[in-house]
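Overview (structure and organization)
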Amino acid sequence: MKKILLLGSGELGKELVISAKRLGCEVIACDKYSNAPAMQVADISVVLDMLDGKKLLNLVNDVKPDFIVPEIESIRTEELFNIENKGITVVPSARAVNLTMNRDAIRDRANELGIKTAKYEYAHNINELDKAVQIIGLPCIVKPVMSSSGKGQTLLTEKKEISYAWENATKNMRGDRIKVIVEEYINFESEITLLTVRQSNRDTIFCPPIGHKQEGGDYVESWQPENMDQDLLMKAKDISEKITKDLGGNGLFGIEFFITKNDIIFSELSPRPHDTGMVTLYTQNLSEFDLHIRAILSYPINEISILREGYSTVIKADGFADRGFDYKFSGIEKALELENVDIRLFGKPKAWNERRMGVILSKNRKIGQKARKLISIHKKNNY
Ligand SMILES: Nc1ncnc2c1ncn2[C@@H]1O[C@H](COP(=O)(O)OP(=O)(O)OP(=O)(O)O)[C@@H](O)[C@H]1O
Ligand SMILES: [Mg+2]
C-alpha cells in the first residue's frame, strides 16, 4: 500500500484523497487547521504550519511517505529539495513546486523557454512600481508575487491608483517577500485551463480544454469542453508540454492561457489539480483527481474522454462581515431536484465572507445558475 503525505487539505485535496483511497493508498492529510476538508476522508490528519521547514522535515521523517503531494502553495518549498534528495518523491517534483510557488520564478522560466506571456515588470517599493507602470502602460494589473485566488490584485486604470495598488498587494500577499509583478492587461476573448498529465515512460496527455470565468481574480464558473480554434489548442498543448517537461516529474498540471483573437498567451500554472477542473468530476471518464493519482502511482491512463458536457459554479459565503462563523446551507434539496444537478459541499468547519464552500455541477450554465440561486448560506446562530 502506497503512503501519501498530502500537504494542504482543502476541497481539491479532499477529492484527491477520495481518488487515492479508491486505488488503495494510505493518506495522511496535513493543514494548519483541524477538520479541514481532506482530513475528513483521509486515514490520519496532522495540524501543522507547513511554512515551518523544521516541523515539515520532522513530519516527513515520522510518516516516511512514498509520495509527498502538495495541494497548496504556502509550503516551505526549499525543504522539499532536501526531502527529495532523501529519495522521497515530491509530486510532481520539488523543482516544479518551488518554481510555481511564486509568480516571478515561473514567469521568468516561461520567458527563458521562449513562451509568450503578458509583458511584465517587477517592483520592490512604490517608486519602482511607479516606474514599472510607466514601462508597461495603462491599464495594467498589479499582483503580489505570492498570492492566489486573486488576492491583492488591482486592475490599474489611472496613475493615481498606484498607492492603493501597492497597499492592496502588500497587505494581501503571502510570505515575507515584498515584491509585486506589474502585468500588461490582456484584453482576452476567453481564458482556458489545459489540464496536462505527465507520466513516467508514457506520452504527456491532455484533457479537453476547460473554459472559465473569474471575478476579482477568483474562479466563479467553468465548463468543458470549451470550443476553441484547433490551431490555438495545438499551440497551447505544445507550450504545456514544453513547460511541464522543464518542470519535471509525474502528475497533472493545470495550465492557464488567455485566448485573444488570433493568439494564445501563457498566464500561469499549478503543478496539481486546478479549481476550474472540478468540472471534470462531472464530465470526464477520469476526473483530474483520478488522473493525478494514476500519474503519481505510474499507473496507465488508457484514455481521457468526455462522457457528457458540463458546467461548474462555486458556492461562496457572500455578504457577511464577520470572520469564522458556524453556518448551514438552505436550498440544497430544491437544487438537486433540477435536471442532473450534482453538488459537492466541502465541509469546511467555518465560513467567512468570500470563502468557497461548495461547487455545483450541472449539464449547462442555465441549469447551474438556477441551482446556484436556490442555495444560500446562513449563520447557524441566526436559527
Ligand atoms: N495580465 C492580465 N490581463 C488580463 N486579465 C488578467 C491578467 N492577469 C490576471 N488576469 C485575470 O485575473 C485572473 C486571476 O489571475 P491569476 O491567475 O494570475 O491569479 P491567481 O491569484 O493565481 O488566481 P488563481 O489562484 O485563482 O488561479 C485571471 O484568470 C484573469 O481572469
Ligand atoms: Mg490563476
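None of these values were measured; they are calculated from a predicted model.

**What about the coordination of the magnesium ion (ligand 2)?**
Note on the magnesium ion (ligand 2): its protein donors are Glu-256 (OE), Glu-256 (OE) and Glu-268 (OE). The metal-donor distances range over 2.0 to 2.5 Å. On the criterion of sequence distance, the pair formed by Glu-256 in strand E14 (residues 251-259) and Glu-268 in strand E15 (residues 264-270) is long-range, its members being twelve residues apart. Overall, the relative accessible area of 10% leaves Glu-256 in the buried class.

**Topic: the nonpolar core**
Among the nonpolar cores identified, the biggest contains 26 residues, and Ile-4, Leu-6, Val-27, Phe-67, Val-69, Met-278 and Ile-293 are the most heavily contacted of them. For this core, the secondary structure elements donating two or more residues are strand E1 (3-7), helix H1 (11-22), strand E2 (26-31), strand E4 (67-70), strand E13 (218-224) and helix H10 (288-296). Contacts of Ile-293, omitting those with residues within four sequence positions, involve Ile-4, Leu-16, Ser-19, Ala-20 and Leu-23. One finds Leu-113, Met-228, Leu-233 and Ile-243 within the second-largest nonpolar core, a separate group that totals 23 residues.

**Re the site of ligand 1**
Taken together, 18 residues lie near ligand 1, and Lys-143, Gly-150, Ile-186, Glu-191 and Glu-268 sit nearest. Within the side chain of Glu-183, one N or O atom sits 2.9 Å away from a nitrogen atom of ligand 1. Residue Ile-186 places a main-chain N or O atom 2.9 Å away from a nitrogen atom belonging to ligand 1. Bound to the protein, ligand 1 loses 92% of the 610 Å² it would expose on its own. If you list the elements that add at least two residues to the shell around ligand 1, you get strand E7 (140-144), strand E9 (180-184) and E14.

**So, the pairing of E7**
Look at any regular strand and the pattern is simple: side chains alternate between the two faces of the sheet. When you tally the buried positions in E7, you get five out of five residues, the bulk of the element. Burial along E7 is two-sided: Cys-140, Val-142 and Pro-144 and Ile-141 and Lys-143, pointing in opposite directions, are all buried. Here E7 runs beside strand E8 (residues 154-156); their pairing, made up of three bridges, is antiparallel. Bridge pairing in E8 links Ile-141 to Leu-155. Pairing geometry for E7 and E9, over five bridges, is antiparallel. Bridging from a neighbouring strand, Cys-140 pairs with Glu-184 of E9.

**Some details on helix H3 (residues 77-85)**
It helps to recall that an α-helix has 3.6 residues per turn; residues three or four apart then point in one direction. All of the buried residues in H3 are Thr-77, Glu-79, Leu-80 and Ile-83. Here the buried residues of H3 occupy an arc of 135° about the axis, which is enough to place them on one side. Of the surrounding secondary structure, the elements contacted by the buried residues of H3 are E1, helix H2 (53-63), E4, strand E5 (89-90) and helix H4 (94-101).

**Details of the sheet that holds E1**
Ordered by their spatial adjacency, five strands build an open sheet running E3-E2-E1-E4-E5, and the pairing between neighbours is parallel. With one partner strand each, in any of the chains shown, strand E3 (44-47) and E5 form the two edges of the open sheet. Sheet analysis places E1 next to E4, joined by four bridges and oriented parallel. Residue pairing across strands places Leu-7 opposite Pro-70, the latter belonging to E4.

**What to know about the packing of aromatic side chains**
A ring pair, where both rings are aromatic, is described by two values, the distance of the centres and the angle of the planes. Taken as a whole and judged by the stated rule, the model has five aromatic pairs. Considering the side-chain rings of Phe-320 and Phe-325, the 4.6 Å spacing of their centres and the 50° angle between planes classify their relative orientation as tilted. Its relative accessible area of 7% is what places Phe-325 among the buried residues. Note on Tyr-327 and Phe-329: the rings are 5.5 Å apart at their centroids and 90° apart in plane angle, and the pair reads as edge-to-face. Over the aromatic face of Tyr-120 sits the side chain of Arg-107, whose NZ or CZ is 5.3 Å from the ring centroid. Just above the ring of Phe-325 sits the side chain of Lys-379; from NZ or CZ to the centre is 5.6 Å.

Analysis parameters
- Residues numbered from 1 in each chain as written.
- Chains lettered and ligands numbered in written order.
- Predicted model: local features only at pLDDT ≥ 70, side-chain atom pairs only at ≥ 80, totals over all residues.
- Heavy atoms only, no water.
- Donors = N, O, S within 2.8 Å, 3.2 Å for Na, K, Ca; no water.
- Helix = DSSP H or I, 4+ residues; strand = E, 2+ residues; numbered from the N terminus.
- Buried < 20%, exposed > 50% of the residue type's maximum accessible area, 1.4 Å probe, protein only.
- Core = buried A, V, L, I, M, F, W, Y, C linked by side-chain atoms within 4.5 Å.
- Contact = heavy atoms within 4.5 Å.
- Near = heavy atom within 4 Å.
- Polar contact = N/O pair within 3.5 Å; in protein donor to acceptor, adjacent residues only side chain to side chain.
- Areas by Shrake-Rupley, 256 points an atom, 1.4 Å probe, with all protein chains shown as cover.
- Pairing = 2+ DSSP bridges.
- Arc of directions from axis to C-beta.
- Phe/Tyr/Trp six-rings, centres within 6.5 Å; stacked < 30°, edge-to-face > 60°.
- Lys NZ or Arg CZ within 6 Å of the ring centre and 35° of its normal.

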